[in-house]
Amino acid sequence: MQHRSALDKVRHLGSTHSGAEHWWSERLTAIALVPLSLWFVYSAIGLTGADLAEFKAWIGLYGNPVLLILFIFCMFHHGHLGVQVVIEDYVHNEQVKFLAIISTKFVAVLFGTASAFAVLQLTFRI
Amino acid sequence: MASENRPLSPHLQVYRPQITSILSIIHRLTGVTLAAGALLFACWILAATYGEDAFAFAQRMLGSWFGQLVLLGFTFALFYHLGNGIRHLAWDAGWGFEMDKLRVSGWIVVLFSLLMTCVTFIAAYTAAGGT
Ligand code: HEM
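Residues numbered from 1 in each chain as written. Chains lettered and ligands numbered in written order. Predicted model: local features only at pLDDT ≥ 70, side-chain atom pairs only at ≥ 80, totals over all residues. Heavy atoms only, no water.

### With respect to the nonpolar core
And step 1. Within the largest apolar cluster, 29 residues are counted, with the highest numbers of intra-cluster contacts made by Phe55 and Leu68 of chain A together with Phe41, Trp44 and Ile45 of chain B.
And step 2. Where this core is concerned, the elements lending two or more residues are helix H2 (19-46), helix H3 (52-60), helix H4 (64-90) and helix H5 (94-124) of chain A together with helix H1 (19-49) and helix H2 (52-63) of chain B.
And step 3. The contacts of Ile45 of chain B, once residues within four sequence positions are left out, are Phe55, Ile59, Leu68, Ser115, Ala118, Val119 and Leu122 of chain A.
And step 4. Counting residues in hydrophobic clusters, the runner-up holds seven residues, among them Val41 and Ile45 of chain A together with Ala77 and Phe79 of chain B. (Core = buried A, V, L, I, M, F, W, Y, C linked by side-chain atoms within 4.5 Å. Buried < 20%, exposed > 50% of the residue type's maximum accessible area, 1.4 Å probe, protein only. Helix = DSSP H or I, 4+ residues; strand = E, 2+ residues; numbered from the N terminus. Contact = heavy atoms within 4.5 Å.)

Dropping the structure here:
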């Protein structure tokens, strides 16, 4: 018995048309997020109730701005790829699906860029 | 083959809940929750660029009982999703896809996420000086 569908039957039926790259990016960012998110939770515990001066002092510590920006990049990249899969699974109307995926990407890039820029601003402005 | 009315996953109505399927849908729920949490994270760090008062306000909101409840949810979501995400990566590498291993690793993830959520909150209360 043949367990795989014939190639000519499945061609053009994919929902993203770029599955492998999407899948791989989702895994790579997931791997990176294991240490990054643990580091962030550990740091956030220390920032409980901190005021702005304490927060800036923490951001200014050696290595923290780079780790924060990596965390931001991986979190928004991984998150938006993940939400895209969820949309593809549940939204069946092609137009709505297209708009929802585009909006997800725009929101992720906007909030991700704004967050990363905020880190730079808090690092370099006294 | 018509590409218009193809069935799309998943068909929850016809699926009997099992430990494996419940853990799977929680992975999805926590993933979407964390994506929302990423937006909250952005607001928090942006508040710091607006100055002392804005950041103090953000910190006060997060420290309120409602803010703490939200953070409790995000903390659990993160640890669950992280633990189960490692489970996913193991499957991708070809490990642990047998039924008995699936059940054991699933329960380990549940215990891990509950435990780490407690540890995080105890540590945060300690860091805040018991307030
Ligand atoms: C920190 C912020 C994170 C966010 C915002 C996030 C978000 C998401 C979302 C929305 C999904 C899609 C869920 C689905 O398709 O059912 C997803 C899937 C996934 N996440 Fe995360 N995630 C985060 C952290 C992590 C971490 C730390 C790991 C660690 C291993 C991880 C591993 C995975 C994996 C393997 C998948 C694919 C699951 C599948 O194939 O169905 N994620 N994530």
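So, next bit.
### What to know about a nonpolar patch on the surface
And step 1. Taken together, the side chains of Trp23, Trp24, Leu28 and Ile31 of chain A make up a nonpolar region of the molecular surface, amounting to roughly 420 Å² of accessible area.
And step 2. For Trp24 of chain A, a relative accessible area of 47% gives the class partly exposed. (Patch = residues over 30% accessible without salt bridge, like charges linked within 9 Å, V, L, I, M, F, W, Y side chains within 5 Å. Areas by Shrake-Rupley, 256 points an atom, 1.4 Å probe, with all protein chains shown as cover. Salt bridge = Lys/Arg side-chain N within 4 Å of Asp/Glu carboxyl O.)

### Re the side chain of Arg87 of chain B
Residues and elements named next belong to chain B.
And step 1. Among the secondary structure elements, Arg87 is positioned in helix H3 (residues 65-92).
And step 2. Although Arg87 lies buried, it forms no salt bridge, and the closest oppositely charged side chain, Glu98, sits 11 Å away as judged by the N-O distance.
And step 3. Here Arg87 is in contact with Leu23, Leu102, Ser105, Gly106 and Val109, once residues within four sequence places are set aside. (Lys, Arg positive; Asp, Glu negative; His and termini not counted.)

### Some points on H2 of chain B
And step 1. Between its first and last C-alpha atoms H2 of chain B spans 16 Å; for twelve residues at 1.5 Å apiece the expected length is 16 Å, and the two agree.
And step 2. Among all positions of H2 of chain B, only Phe55, Ala58 and Gln59 of chain B are buried. Buried residues along H2 of chain B cover an arc of 95° about the axis, so they all sit on one side. Opposite the packed face of H2 of chain B, turned more than 90 degrees from it, sit the exposed residues Asp53 and Arg60 of chain B.
And step 3. Its buried side turned inward, H2 of chain B meets H3 of chain A together with H1 of chain B. (Expected span 1.5 Å × (residues − 1). Arc of directions from axis to C-beta.)

### Focus on the pattern of salt bridges
And step 1. One pass over the structure, following the stated rule, counts four salt bridges over all chains.
And step 2. The partner of Arg27 of chain A in a salt bridge is Asp92 of chain B, with the nearest N and O atoms 2.7 Å apart. Residue Arg27 of chain A is located in helix H2, and its partner Asp92 of chain B is located in helix H3; the two belong to separate chains.
And step 3. Notably, a salt bridge pairs Glu94 of chain A with Lys97 of chain A, separated by 3.6 Å at the nearest N-O pair. Placement of the pair is Glu94 of chain A and Lys97 of chain A together in helix H5, with a separation of three residues, close to one helical turn.

### Focus: the coordination of the iron atom of the ligand
And step 1. Looking at the iron atom of the ligand, one finds its protein donor set to be His78 of chain A (NE2) and His81 of chain B (NE2), positioned 2.0 Å from the metal centre.
And step 2. Of note is the iron atom of the ligand, whose six donor atoms meet at the metal with angles of 89 to 179° in an arrangement that counts as octahedral. One end of the pair, His78 of chain A, is in helix H4; the other, His81 of chain B, is in helix H3, on a second chain. Each member of the pair, His78 of chain A together with His81 of chain B, is buried. (Donors = N, O, S within 2.8 Å, 3.2 Å for Na, K, Ca; no water. Tetrahedral: all angles 85-135°; square planar, octahedral: opposite > 155°, others 65-115°.)

### Comments concerning the site of the ligand
And step 1. The immediate surroundings of the ligand are formed by 26 residues, with Glu26 and His78 of chain A together with Arg28, Gly31 and His81 of chain B found nearest.
And step 2. Those chains with residues close to the ligand are chains A and B.
And step 3. Measuring from an oxygen atom of the ligand, one finds a side-chain N or O atom of Arg27 of chain A at 3.5 Å.
And step 4. Only H2 and H4 of chain A together with H1 and H3 of chain B provide two or more residues apiece to the shell around the ligand.
And step 5. Across the shell around the ligand, the residue classes break down as 14 nonpolar, nine polar and three charged. (Near = heavy atom within 4 Å. Polar contact = N/O pair within 3.5 Å; in protein donor to acceptor, adjacent residues only side chain to side chain. Nonpolar A, V, L, I, M, F, W, Y, C, P; charged D, E, K, R; others polar.)

### Some remarks on a negative patch on the surface
And step 1. A cluster of acidic side chains, namely Asp51 and Glu54 of chain A together with Glu52 and Asp53 of chain B, defines a negative patch on the protein surface.
And step 2. Note that Asp51 of chain A resides in the loop between H2 and H3.
And step 3. On the basis of relative accessible area, Asp51 of chain A is assigned to the partly exposed category, the value being 37%. (Charge placed at Lys NZ, Arg CZ, Asp CG, Glu CD.)

### Brief notes about the environment of Trp65 of chain B
Residue and element names in this part refer to chain B.
And step 1. Structurally, Trp65 can be placed in helix H3.
And step 2. Note on Trp65: relative accessible area 68%, which makes it exposed.
And step 3. A C-alpha to C-alpha distance of 17 Å links Trp65 and Thr126, two positions 61 residues apart in sequence.

Nothing here speaks to function; it is geometry throughout.
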